[in-house]
Amino acid sequence: PTKRLPSRDTTIGLLSLRPRALRLLVGAGILAVMAVSLFNHYTDTAYAKEDARSACRLVEETWRPGDCVFVIGVDAAFRHYARTSAIRSARLDFRTAGSAAREEQTLGQSSQACRRIWFVAGREWEADPLGLAVPTLRKFFETIRERKLPGVRVLEMRPRPQAAFREHEGGVLADRAA
């Protein structure tokens, strides 16, 4: 069996339609759907390519020694753009409940070691399918500022006071299971 491209099959099917007017109508309909799809792809920011370069620039503007940078979804691109700066980022893994529990420990330790954190998130549907990253972060940190760039969200956060940790002893994962 040979593999055929869907566009070839569509073209053959379209050419087999009779009469010619029907063929033109169906072809025009296909082109209209493609045009709308391309318009949305190029103009709707929900479909935009992740702007890791601007996210890196945003962090660089106010990053100071003692700040920590955590990245999900766009870690390779962020590291690429940060390679000439003093910024070093760490990748977080929230793809499964087990990995989220490990990251909760990492963030707990970071809340004592970092003066401020930057959380850079892109492709969240893929990098955080359970939606645990931000609730876990908020367990240990409070948001100072949130910025949305095409395809990327950047949170600037500071550690919560120690007393606030006791309110969250059950953990984000325990709250989700309830």
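Relevant structure appears above.
Residues numbered from 1 in each chain as written. Predicted model: local features only at pLDDT ≥ 70, side-chain atom pairs only at ≥ 80, totals over all residues. Heavy atoms only, no water.

All right, on to the overall build of the chain then. From N to C terminus, the chain includes 9 helices and 5 strands. Starting at the N terminus and walking to the C terminus, you meet the elements of the chain as α-α-α-β-α-β-α-β-α-α-β-β-α-α. Per-residue burial over the chain gives 34% buried out of 178 residues. Sequence-distant contacts in the chain: of pairs separated by 6 or more residues, those separated by 24 or more amount to 65%. (Helix = DSSP H or I, 4+ residues; strand = E, 2+ residues; numbered from the N terminus. Buried < 20%, exposed > 50% of the residue type's maximum accessible area, 1.4 Å probe, protein only. Contact = heavy atoms within 4.5 Å.)

By the definition in use, this model includes 13 salt bridges. Here glutamate 104 makes a salt bridge to lysine 139, at a shortest N to O gap of 2.3 Å. Residue glutamate 104 is located in helix H5 (residues 97–113), and its partner lysine 139 is located in helix H7 (residues 133–140); the two are separated by 35 residues in the primary sequence. A relative accessible area of 9% places lysine 139 in the buried class. Measuring nitrogen to oxygen at the nearest pair gives 2.9 Å for the salt bridge that ties arginine 158 to glutamate 142. A residue pair is termed long-range when its members are at least 10 positions apart, and arginine 158 in strand E5 (residues 152–159) and glutamate 142 in strand E4 (residues 141–149) qualify at 16 residues. (Salt bridge = Lys/Arg side-chain N within 4 Å of Asp/Glu carboxyl O.)

Read these as spatial facts, not as claims about activity.
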